[in-house]
Amino acid sequence: MTTWLIGGTQESAELAKAMMALHLPCVVTVVSESARSLYPASMPIWVGKLSIEQIPIFLQQYQIDRILDASHPFAVDISQLAISVSERYQIPYLRYERPTVNAATDSAIKPSIEYFDSVAALLSTDRLVNQRVLLTVGYRSLPLFAPWQQQACLFARILPSLPRK
């Protein structure tokens, strides 16, 4: 029987290699060709988004008897699909969770993290000047950074939000 390894992350690639070393059969699913390169060439890889209609064929073709979800934490759709498949077909579902990072105690990352009490406190400093900044703030806070567009190279990652009821 075979493990369905939901991949696309560096951690999933490490898990895949470990499974190969232990001779544990698995098939990896990724959404892009570029993600395929993370895995050994001899490993079966399904590239593309799996639809609910494809699941029975996929499960039968690879004789899936367990699911190991090592997808990105924001890859909610595939995780929800896998949980649904697990419940419907009575297949065990395991989720790989990344270790929690504690900047207050981890000396390897502590020097690279700065804390501010608020966005306003950050923007009252010159800390962003001539920096490449990835903003992972909500869309309501994004306009606060508009004055910084000429002083810093800003990139924004905004997740969609549900309409308020």
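Summary of the structure given here.

**Quick notes on the packing of aromatic side chains**
Evaluation of the coordinates by the stated rule reveals three aromatic pairs. Centroid distance Phe58 to Tyr62: 5.2 Å. Interplanar angle 55 degrees. Geometry classified as tilted. Of the two residues, Phe58 and Tyr62 are both situated in helix α3 (residues 55-62); the distance of four residues between them amounts to about one turn of the helix. Owing to a relative accessible area of 0%, Phe58 belongs among the buried residues under this scheme. Through a chain of ring-to-ring contacts, the aromatic side chains of Trp4, Trp46, Phe58 and Tyr62 assemble into a single cluster.

**Some points on unusual backbone geometry**
Positive phi, close to 50 degrees, is recorded for Gln63, a residue that is not glycine. Among the structural elements, Gln63 can be located in the loop between α3 and β4 (64-69). Judged by relative accessible area, which is 48%, Gln63 ranks as partly exposed. For Gln90, which is not glycine, the phi torsion reads 55 degrees and is therefore positive. Taking the relative accessible area as the measure of exposure, Gln90 reaches 67% and is therefore exposed.

**As for the sheet that holds strand β2 (residues 26-30)**
Taken in spatial order, the five strands make up an open sheet running β3-β2-β1-β4-β5, and their pairing is parallel. With one partner strand each, in any of the chains shown, β3 (45-47) and β5 (93-95) form the two edges of the open sheet. Across the sheet, the mean angle separating the axes of adjacent strands is 20 degrees when strand polarity is ignored. Strand direction decides the pairing type here: β2 and β3, joined by three bridges, are parallel. Bridging across to β3, Val30 finds its partner in Val47. Helix α1 (residues 10-21) rests against β1 (2-6), β2 and β4 of the sheet, and its axis sits at about 160 degrees to β1.

**Considering the nonpolar core**
Trp4, Phe58 and Val85 are the most contacted members of the largest nonpolar core, which has 15 residues in total. Those elements that provide at least two residues to this core are β1, α3, β4 and α4 (76-89). It is α3 that contributes the most residues to this core, four residues altogether. If sequence neighbours within four positions are ignored, Phe58 has contacts with Trp4, Val27, Thr29, Trp46, Leu50 and Ile64. Counting 13 residues, the second-largest nonpolar core is a separate cluster that includes Leu5, Val30, Ile45 and Ala70.

**Topic: the side chain of Ser12**
Considering the arrangement of structural elements, one finds Ser12 in helix α1. By relative accessible area, which is 0% here, Ser12 ends up buried. In this structure, Ser12 is in contact with Leu5, Ile6, Gly7, Tyr39 and Ala70, ignoring residues within four places of it in sequence.

About the thresholds
- For every chain, the first residue of the written sequence is number 1, and numbering continues from 1 along that sequence.
- Residue-level local features of this predicted model are given only where pLDDT is at least 70; pairs of side-chain atoms are given and counted only at 80 or more, and the full residue set underlies all totals for whole chains, interfaces and linings.
- Note: side-chain values were computed over all heavy atoms of the structure, leaving out hydrogens and water.
- Paired rings are identified among Phe, Tyr and Trp, the last through its six-membered ring, by centres lying within 6.5 Å, and are further divided according to the angle between planes into stacked (under 30 degrees), edge-to-face (over 60) and tilted (the rest).
- Counting from the N terminus, the helices are DSSP H or I runs at least four residues long and the strands are E runs at least two residues long.
- Buried means the residue's accessible area, taken with a 1.4 Å probe over protein chains only, is under 20% of the maximum for its type, while exposed means over 50%, and partly exposed covers the values in between.
- Two strands are said to pair when DSSP picks up at least two bridges between them.
- Comment: axis = line fitted to C-alpha atoms, over the contacting stretch for helices; angle = value between 0 and 180 degrees taken between N-to-C directions.
- In what follows, a contact means two residues having at least one pair of non-hydrogen atoms within 4.5 Å.
- For this analysis, a nonpolar core means a set of buried residues of the types Ala, Val, Leu, Ile, Met, Phe, Trp, Tyr and Cys, connected via side-chain atoms within 4.5 Å.

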